[in-house]
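Read off the chains here:
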Number of protein chains: 2
Amino acid sequence: MAQENYDALKLENQICFPLYACSREIIRQYKPFLDEIDLTYTQYIAMMVMWERKALTVKALGEYLYLDSGTLTPLLKKLEQKGLVTRNRSREDERNLIVRITPEGEALKAQAIHVPEKMAQCARIEPWEATELYRILYKMLKPD
Amino acid sequence: MAQENYDALKLENQICFPLYACSREIIRQYKPFLDEIDLTYTQYIAMMVMWERKALTVKALGEYLYLDSGTLTPLLKKLEQKGLVTRNRSREDERNLIVRITPEGEALKAQAIHVPEKMAQCARIEPWEATELYRILYKMLKPD
DNA sequence: AACCTATAAATTGCGTACAATTTAATTATA
DNA sequence: TATAATTAAATTGTACGCAATTTATAGGTT
């Protein structure tokens, strides 16, 4: 019986592992900047959608973020406690919960603008590499 | 006062977000295959290191995986319960805990070889793109 | 109208992640 | 050599992620 080839089981030959490690490393780098505006990374990306969309359902928000209600419900309750969003059932269809940004939530945007500014300093890849990385990642996320 | 440019706060202009979303999507794709060998993704990458290294400290394992004892201690206790590894303090330095693969852990490797085989079918990017992705991610992880 | 099906959130339960602290062991230093 | 500083794991507490289930509402069928 021939020797099996187990190279595919080496960590260094995985594509998912550096993806997973890298995303956690960058989120770790965000932390000190996000602490200044009292948001976690997941809360931050949720607020990014709110700054653009102003109001939308939990389902729609989840489609943007690739997250489900199991993650979003407690997260949105925290954003509501902070006064950044409101949560109300839709009058037309009571199954839908509409998340709406508040004036406080809007105001936070002016502070948050400093986060990407500071993160840009941390970049360890060239602009063209960031562009290529972006293209490949979205090809994996949204294959058309 | 001039209009501020908030483009940097758009989700579509982030590099971290697709990284984060992509890593979770791929881990989700692993799940049915990992269920067959009763491992979570984090347990799977920990076992990958064990299959290569046979025995090492929690600290060394954490350096491979970019994880700390807060994550690894409970995870390794679960792998120990499954009989895949043993956990013992080092005789030379009692601060170190040596994680060792068991014969059962070694045996699991023969089953696990089917995981990357099946995952390869799911790839939605070209081989050269995977190579380039790999290079950029490791440049971010280990800037030399 | 009564019933069936589908859908959206919320809930439950498990397993990470990770910062911060604690405990125990080792090493360095006065 | 007593003590201070360092190190490795474990522990604690908070916040995700996500599968599976439940609850509530809406739409379709007879």
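Our subject is the structure listed above.
For the structure given in this document, a descriptive report is provided here. Predicted model only: the values in this text are computed from it and were never measured.

Cut-offs used in this document
- Residues numbered from 1 in each chain as written.
- Chains lettered and ligands numbered in written order.
- Predicted model: local features only at pLDDT ≥ 70, side-chain atom pairs only at ≥ 80, totals over all residues.
- Heavy atoms only, no water.
- Helix = DSSP H or I, 4+ residues; strand = E, 2+ residues; numbered from the N terminus.
- Least-squares fit on C-alpha atoms with pLDDT ≥ 70 in both.
- Near = heavy atom within 4 Å.
- Polar contact = N/O pair within 3.5 Å; in protein donor to acceptor, adjacent residues only side chain to side chain.
- Nonpolar A, V, L, I, M, F, W, Y, C, P; charged D, E, K, R; others polar.
- Buried < 20%, exposed > 50% of the residue type's maximum accessible area, 1.4 Å probe, protein only.
- Arc of directions from axis to C-beta.
- Contact = heavy atoms within 4.5 Å.
- Axes fitted to C-alpha atoms, helices over the stretch in contact; angles between N-to-C directions.
- Left-handed = near helix turned anticlockwise from the far one by under 90°.
- Core = buried A, V, L, I, M, F, W, Y, C linked by side-chain atoms within 4.5 Å.
- Pairing = 2+ DSSP bridges.

Regarding unusual backbone geometry
Residues and elements named next belong to chain A.
Then, in step 1: At D38, a position not held by glycine, the phi torsion is positive, near 55°.
Then, in step 2: Phi is positive for Y66, which is not a glycine, with a value near 60°.
Then, in step 3: Tracing the backbone through its elements, the reader meets Y66 in the loop between α3 (58-65) and α4 (69-81).

Side note on the relation of the copies chain B and chain A
Then, in step 1: Note on the identical chains: chain B maps onto chain A by a rotation of 180° and an axial translation of 0.0 Å, with an RMSD of 0.0 Å. Overall, the copies show the geometry of a two-fold rotation axis.

Structural notes on the protein's contact with DNA strand C
Then, in step 1: The environment of DNA strand C is made up of 30 residues, and the closest members are Y20, R24, T73 and R87 of chain A together with T40 of chain B.
Then, in step 2: A share of 80% is what sugar and phosphate atoms reach among the atoms of DNA strand C within 4 Å of the protein.
Then, in step 3: One nitrogen or oxygen atom from the main chain of R95 of chain A is found 3.3 Å from a sugar or linking oxygen belonging to DNA strand C.
Then, in step 4: The separation between a sugar or linking oxygen of DNA strand C and a polar side-chain atom of N96 of chain A is 3.1 Å.
Then, in step 5: Where the surface near DNA strand C is concerned, the elements lending two or more residues are α1 (16-35), α3, α4 and β2 (85-89) of chain A together with α2 (41-53) and α4 (69-81) of chain B.
Then, in step 6: Its residues assigned to classes, the surface near DNA strand C comprises six nonpolar, ten polar and 14 charged.

Quick word on α3 of chain A
Then, in step 1: All of the buried residues in α3 of chain A are V58, L61, G62 and L65 of chain A. Taken around the axis of α3 of chain A, the buried residues stretch over an arc of 100°, which confines them to a single face. Facing away from the buried side of α3 of chain A by over 90 degrees, the exposed positions are K59 and E63 of chain A.
Then, in step 2: Of the surrounding secondary structure, the elements contacted by the buried residues of α3 of chain A are α2 (41-53), β1 (55-57), α4 and β3 (97-101) of chain A together with α1 (16-35) of chain B.
Then, in step 3: Y66 of chain A lies just past α3 of chain A and shows a positive phi near 60°.

Focus on the packing of α1 of chain A against helix α7 (residues 127-141) of chain B
Then, in step 1: Packing of α1 of chain A against α7 of chain B leaves a shortest axis separation of 9 Å and a crossing angle of 35°. Relative to α7 of chain B, α1 of chain A is oriented so that their crossing is left-handed. Only L133, Y134, L137, Y138, M140 and L141 of chain B of α7 of chain B make contact with α1 of chain A, whose side of the interface consists of F17, P18, L19, A21, C22, E25 and I26 of chain A.
Then, in step 2: Here the residues of the contact of α1 of chain A with α7 of chain B are counted per class, giving twelve nonpolar, no polar and one charged.

Some words on the nonpolar core
Then, in step 1: Counting 101 residues, the largest nonpolar core has F17, Y44 and L65 of chain A together with F17, Y44 and L65 of chain B as its most contacted members.
Then, in step 2: For Y44 of chain B, the residues in contact, after removing those within four places along its chain, are L9 and Q14 of chain A together with Y30, L34, L39, V115 and P116 of chain B.

Some words on the sheet that holds β2 of chain A
Residues and elements named next belong to chain A.
Then, in step 1: One open sheet accounts for three strands, arranged β1-β3-β2; its pairing is antiparallel. A strand with exactly one partner marks an edge of an open sheet, and here the two such strands are β1 and β2. Ignoring strand direction, the axes of neighbouring strands in this sheet form an average angle of 25°.
Then, in step 2: Two elements, β1 and β3, share three bridges in a ladder whose sense is antiparallel. When the bridges of β3 are listed, L56 appears paired with V99.
Then, in step 3: Contacting β2 and β3, α4 crosses the sheet at an angle of about 125° to β2.

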